[in-house]
Amino acid sequence: MSRGGIIERYGDLLELGPLDPVISLEEGDTPLIQSHRLVEHCRLKIRLFFKFDGANPTSSFKDRGMTAAVSKAVSDGARAVVCASTGNTAASASAYAARAGVKSLVLLPGGNVALGKLAQSLMYGATVVAVDGNFDQALEAVKQLPDRFPLTIVNSINPNRIKGQMSAAFEVVDELNGSPDFHALPVGNAGNITATWRGYRKYQQVGKLRRLPIMLGFQAAGAAPIVDGHPIESPETIATAIRIGNPASWQGAVEAASDSGGHIEKVTDEEILEAYFLLAKTEGIFAEPASAASLAGVLKKARTGYFPFETRVVCTLTGNGLKDPDRAMTVETKMIETSGDLDSICKVIEEAL
Ligand code: F0G
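Reading the values: the criteria
Residues numbered from 1 in each chain as written. Predicted model: local features only at pLDDT ≥ 70, side-chain atom pairs only at ≥ 80, totals over all residues. Heavy atoms only, no water. Helix = DSSP H or I, 4+ residues; strand = E, 2+ residues; numbered from the N terminus. Contact = heavy atoms within 4.5 Å. Polar contact = N/O pair within 3.5 Å; in protein donor to acceptor, adjacent residues only side chain to side chain. Phe/Tyr/Trp six-rings, centres within 6.5 Å; stacked < 30°, edge-to-face > 60°. Buried < 20%, exposed > 50% of the residue type's maximum accessible area, 1.4 Å probe, protein only. Lys NZ or Arg CZ within 6 Å of the ring centre and 35° of its normal. Pairing = 2+ DSSP bridges. 1 Å grid on protein atoms, 1.4 Å probe; cavity = no way out; pocket = protein on both sides within 12 Å on 5 of 7 lines; lining within 4 Å. Points joined across faces, edges and corners; volume = space filled by probe spheres on them. Nonpolar A, V, L, I, M, F, W, Y, C, P; charged D, E, K, R; others polar. Axes fitted to C-alpha atoms, helices over the stretch in contact; angles between N-to-C directions. Parallel < 35°, antiparallel > 145°, perpendicular 65-115°, else oblique. Salt bridge = Lys/Arg side-chain N within 4 Å of Asp/Glu carboxyl O. Expected span 1.5 Å × (residues − 1).

Caption draft 1: Quick peek at the environment of Lys281. Topologically, Lys281 is positioned in helix α12 (residues 269–283). With residues up to four places along the chain from it excluded, the contact list for Lys281 reads Arg37, Val331 and Thr333. Engagement of the side chain of Lys281 in a polar contact is seen with the side chain of Thr333, the distance being 3.4 Å.

Caption draft 2: The arrangement of the packing of aromatic side chains in detail. Scanning the model with the defined rule gives seven aromatic pairs in all. Centre to centre, the rings of Phe182 and Phe307 are 4.9 Å apart; their planes meet at 85°, and the pair counts as edge-to-face. Note that Phe182 is positioned in strand β7 (residues 182–186) and Phe307 in the loop between α13 (289–303) and β10 (312–317), a separation of 125 residues in sequence. Here Phe182 matches Phe307 in class, with each residue buried. Joined through ring pairs, the aromatic side chains of Tyr10, Phe170 and Tyr203 make up one cluster. Directly above the aromatic system of Tyr306 lies the positively charged group of Lys301, at a separation of 4.2 Å from the ring centroid.

Caption draft 3: Looking closely at the pairing of β10. Across the six residues of β10, six count as buried, placing the element largely inside the fold. Of the two faces of β10, both are covered, the one formed by Arg312, Val314 and Thr316 as well as the one formed by Val313, Cys315 and Leu317. Looking at chain direction, strand β2 (residues 47–52) and β10 are connected through six bridges and run parallel. When the bridges of β10 are listed, Phe50 appears paired with Cys315. Where β7 and β10 come together, three bridges link them in parallel fashion.

Caption draft 4: Quick look at the layout of surface pockets. As a volume, the largest pocket reaches approximately 160 Å³. Around the largest pocket, the lining residues are Leu13, Leu14, Glu15, Pro159, Ile162, Lys163, Met166, Arg198, Arg201, Lys202 and Gln205. Breaking the lining of the largest pocket down by element, the ones donating at least two residues are α1 (6–14), α7 (159–165) and α9 (191–205). Per-element tally for the lining of the largest pocket: the top contributor is α9, with four residues. Looking at side-chain class alone, the lining of the largest pocket contains five nonpolar, one polar and five charged residues.

Caption draft 5: Structural view of the packing of α12 against α13. Where α12 meets α13, the axes come as close as 7 Å, and the angle between the chain directions of the two elements is 100°. Here α13 runs roughly perpendicular to α12, going by the angle between their axes. Contacts between α12 and α13 involve Glu271, Ile272, Glu274, Ala275, Tyr276, Leu278 and Leu279 on the former and, on the latter, Pro289, Ala292, Ala293, Leu295, Ala296, Leu299, Lys300 and Arg303.

Caption draft 6: Molecular detail of the sheet that holds β10. Taken together, the six strands give an open sheet; going across it, the order is β1-β2-β10-β7-β8-β9, and neighbouring strands pair in mixed fashion. The open sheet terminates on both sides in strands that have one partner only, identified here as β1 (32–34) and β9 (263–267). Here the average twist between neighbouring strands, direction ignored, is 25°. Looking at chain direction, β1 and β2 are connected through three bridges and run antiparallel. Looking across to β2, one finds that Ile33 is bridged to Phe50. Where helix α8 (residues 167–176) meets the sheet, it contacts β1, β2, β7 and β10, and its direction lies at approximately 135° from that of β2.

Caption draft 7: Representation of the pattern of salt bridges. A full pass over the atoms with the stated rule returns 13 salt bridges. Across the salt bridge formed by Glu171 and Arg64, the nearest N and O atoms sit 2.9 Å from each other. Of this pair, Glu171 sits in helix α8 while Arg64 sits in helix α3 (residues 62–75); the two residues are 107 residues apart in sequence, bridging distant segments of the chain. Overall, the relative accessible area of 5% leaves Glu171 in the buried class. By relative accessible area, Arg64 is classed as buried at 1%. Salt-bridge contacts for Lys301 lead to Glu265; the nearest nitrogen and oxygen are separated by 2.8 Å. With a gap of 36 residues between them, Lys301 in helix α13 and Glu265 in strand β9 connect regions that are remote in the sequence. The exposure class of Glu265 is partly exposed, given its relative accessible area of 24%. When salt bridges that share partners are traced, they join Arg9, Lys51, Asp53, Arg64 and Glu171 into one network.

Caption draft 8: Molecular detail of α9. The terminal C-alpha atoms of α9, which comprises 15 residues, lie 21 Å apart, in line with the 21 Å expected from a rise of 1.5 Å per residue. Burial within α9 is extensive, with eleven of its 15 residues counted as buried. Every buried residue of α9 is listed here: Gly191, Asn192, Ile193, Thr194, Ala195, Thr196, Trp197, Gly199, Tyr200, Lys202 and Tyr203. Phi turns positive, to about 80°, at Gly207, one or two residues after α9.

Spelled out as structure tokens, the structure:
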């Protein structure tokens, strides 16, 4: 039996109106994994959970919003979709467009998209355009296109994306039987923290939740316009997914933090990488660098004694680490070459154990 996607599961709550057809790859229903070894390793006195949205069909959280945006677009008669992207939105848009049988066009910041994401868009048959500029410039260009071509934008400025992405909060509440005390996310274009907060509020409105969580958003230090209080012209971070200087949902992120009593803060690339490697080594969870920004932020705040004892903290891990093999191969652990005879293999094993 099909498990269905988020539209089948949460239909009315998403307020998408009538859809025909629903374009789904059975997204959502991703694992909520409790941390055991990482909390012990870092001596954290909290109950920490990872919402691993890298387990979605195109390996990032974008699929939650894309099923909504593409279903709506196709139901309204669209023949082609377009987005600007640091890679994951593009991969997701291209996949859902392929599933729907419509064209997709994606504009990427040239030279700054992780290899796996680029491969995905090409595989799904998108027209992939590299822009000699950053994400913000690509998004500005995308905004002009529907005036000239019959294209529907599926960036998170399309409200249906935000609606679909509310489903992550629903799933967390359903699984924890209530909200966590804190929910931490990486912040790039700021759609996901906006959507997750709206999801919690929606669940409260319909009586499925009493107490709301405190929202924590983390930007990369070199791409932290919200924290710094002004757009960043040339954002820089190894976490290319969140290399964004002028987020479209800026206001939504500020509201999520302030209305919930939370914060938007920044983490350095070193802190992001520490969390990225730690997560894989201590929990067996391989998330992409941008995803690790949520954990990096939680570790940083935990060190200042911010979290009460035994408090429940959820970190959204937004994308699968396999998307960025080049970054992963910078890990200290290296492959050991042997001649292939049993003796040389045994020698390596002896040293490893
Ligand atoms: N993590 C990953 C892996 C992402 O791909 C993104 C955004 C974020 C976090 C930040 O989420 O933008 O909602 O604040 N990626 C977009 C893209 C910008 O084009 O794929 P956000």
